[in-house]
Amino acid sequence: MDSFIIEGGRPLKGAIRVGGSKNAALPILIATLLTDCPCEIDNVPNLRDIRTTFRLLESLGKRIEYDGDAVRVLATGRLETRAPYEIVKQMRASVLVAGPLLARFGTVRVPIPGGCAIGMRPIDIHLQGFRALGATEHEETGDVVMRAARLKGRRVRLRLPSVGATENLMMAACLASGLTVIANAAQEPEIEDLGAFLNRLGASVEGAGTATVTVRGGARLEGAVNSIPGRAPSRAALGRALPRGAVHAVIPDRIESGTLLIAAAATGGSVRLEGACAAHLEAVLESLEAAGSRVRAGYGFIDLSLASRPKAVGIRTLPYPGFPTDLQAPWMSLMCLARGTCLIRETVFENRFLHAAELVRMGAAVRLRGSTARVEGRPSLNGAPVMASDIRGGAALVVAALAAKGRTILQRVYHIDRGYERLEVRLRRLGASIRRVRR
Ligand code: EPZ
């Protein structure tokens, strides 16, 4: 198991390019199950969860080819309609295969994902949506089995704006008969990106990225001879292998962007993020400015610098466009160093404070009460042996360690590798002292 060894106290300085969004790439790759036409997805980050998605698609009968960040998903023959437990247990997003497979083949069998470190994470909203579209379901040895001769479009109002349920239903609705309206839909930029990809496949999706998504279903999705606006079509798109198909470039990763900006602020640094999208990060940039950072954003870049100790700024996590739950943990690390005391409220997941106890090991003053953390800023943190327990909690410990005095040994880096590509290599380019060791 790999660990990071981090010598803290060096301000991050310089420019770094942001990668493609993990949480946009995952559903887009899975949406290729809706079609047999070849799909080229560009700007796909090289992450553990993405490699797990490749294995998932291969286990269902797709062929994957990749070259750098460009991925081609190709048909090989008939697709399986049963997702393997071995893969679903590693990555909960695997449950997104349910929508496309059910809609296309009239049946699907998916293991019910168990809870994970950050919460129970049930899938009742997904299932309720499929039922509304006419599917029947039963459980069999830990799997949910769903059937529907043909899904029928309907108005579905989600109990809460679940990202995964919105994505699953959008994909299913593309092959349902008639019109589906998803009300109280999640509005995350990743959903807008999925909608754009589905439309490139030939679907008719409107309103993705708003609270009401409308999908006009059709019999099949075959793509088109396609190119990405403003960018020369790839050789694959022009080549003989792609008479019809879909080409799409994934949006930049707003959570990776936010993590790097927060790390820069925590170390009193000054960085430029290239390829980042400020419009996707409004709530975070506002909080960073309130904490005293100087932020300047333009087309395809964000600059941030913070010369003094941050001011204490409380946050409450909310579905988009609110402050993202995925940046709550890194924000807590920054606030541990703030002048003053603040409250951090987690409203999206019920158990997303596992990093707090590790931060306390580094000298932080954090008190938990239910879904609220009270963080009293300290002038400095100290390096210590600590352990990551989920992707973003792990990233928060990297942020704290970069800012702390002395050496931190951070174990269970595999959690971080699920969501951040070669984080240590990229941070070194910004002047950090961080290396990976195998133990
Ligand atoms: C997505 O998870 C992201 N994952 C998560 O990122 C992110 O934290 C989350 O959205 C919220 O923004 C991917 O995109 C792959 P939800 P998802 O369904 O879709 C409850 C990361 O670190 N809920 O919006 O699973 C659920 O328990 C990860 O990159 C139900 O009760 O999130 C949670 O409390 C972690 N029933 C809340 O809704 C359901 O059927 C939000 O979950 C579905 C969800």
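The shown structure was predicted, so the numbers you read here are calculated from the model rather than taken from an experiment.

### Observations concerning the domain arrangement of the chain
Phase 1 of the analysis: Split by domain assignment, the chain resolves into domain 1 (3–19 + 253–437) and domain 2 (22–249).
Phase 2 of the analysis: The straight-line distance from the C-alpha centre of domain 1 to that of domain 2 is 31 Å.
Phase 3 of the analysis: For the domain 1 and domain 2 pair, buried surface summed over both sides reaches about 1,800 Å², with 52% attributable to carbon and sulfur atoms.
Phase 4 of the analysis: Per-residue buried area on domain 1 facing domain 2 is highest for Y320, R418 and E421; these three make up 32% of the total on that side.

### So, helix α10 (residues 282–290)
Every α-helix carries 3.6 residues per turn, so stepping three or four residues along brings you back to the same face.
Phase 1 of the analysis: The complete set of buried residues in α10 reads A283, V284, L285, S287 and L288.
Phase 2 of the analysis: Buried-residue contacts for α10 involve α9 (254–266), β15 (294–298), β16 (301–305), β17 (315–316) and α11 (328–335).

### Considerations on the site of the ligand
Phase 1 of the analysis: Looking at the ligand, there are 22 residues lining it, with I125, S162, D326, V348 and R392 nearest.
Phase 2 of the analysis: Notes on the ligand: free accessible area 820 Å², of which the protein chains cover 87%.
Phase 3 of the analysis: Secondary structure elements with two or more residues in the shell around the ligand: α1 (22–31), α5 (124–132), α6 (163–173) and α13 (391–403).
Phase 4 of the analysis: For the shell around the ligand, the per-class residue count stands at ten nonpolar, five polar and seven charged.
Phase 5 of the analysis: In terms of domain composition, the shell around the ligand takes at least three residues from each of domain 1 (3–19 + 253–437) and domain 2 (22–249).

### Observations concerning the nonpolar core
In summary, soluble globular proteins display a tendency toward joint burial of nonpolar side chains.
Phase 1 of the analysis: The biggest cluster of nonpolar side chains holds 75 residues, and the ones touching the most others in it are L29, V97, L151, M170, L198 and V205.
Phase 2 of the analysis: Among the elements that line this core, the one with the most residues is α1, at seven residues.
Phase 3 of the analysis: In this structure, L29 is in contact with I41, V44, I50, T53, F54, L57, V71 and V73, ignoring residues within four places of it in sequence.
Phase 4 of the analysis: Membership of the second largest hydrophobic core comes to 70 residues, among which are V271, A356, L410 and V413.

### Some points on the sheet that holds β16
Phase 1 of the analysis: The mixed open sheet is built from four strands, whose spatial order is β2-β14-β16-β15. One side of each edge strand has no neighbouring strand; the edge strands of this open sheet are β2 (13–17) and β15. Neighbour-to-neighbour, the strand axes of this sheet turn through a mean angle of 10°, independent of strand direction.
Phase 2 of the analysis: Pairing of β15 with β16, which is carried by five bridges, proceeds in the antiparallel orientation.

The rules behind the values
Residues numbered from 1 in each chain as written. Predicted model: local features only at pLDDT ≥ 70, side-chain atom pairs only at ≥ 80, totals over all residues. Heavy atoms only, no water. Domains from an automatic or database assignment. Buried area = accessible area lost by both parts, 1.4 Å probe. Buried < 20%, exposed > 50% of the residue type's maximum accessible area, 1.4 Å probe, protein only. Helix = DSSP H or I, 4+ residues; strand = E, 2+ residues; numbered from the N terminus. Contact = heavy atoms within 4.5 Å. Near = heavy atom within 4 Å. Areas by Shrake-Rupley, 256 points an atom, 1.4 Å probe, with all protein chains shown as cover. Nonpolar A, V, L, I, M, F, W, Y, C, P; charged D, E, K, R; others polar. Core = buried A, V, L, I, M, F, W, Y, C linked by side-chain atoms within 4.5 Å. Pairing = 2+ DSSP bridges. Axes fitted to C-alpha atoms, helices over the stretch in contact; angles between N-to-C directions.

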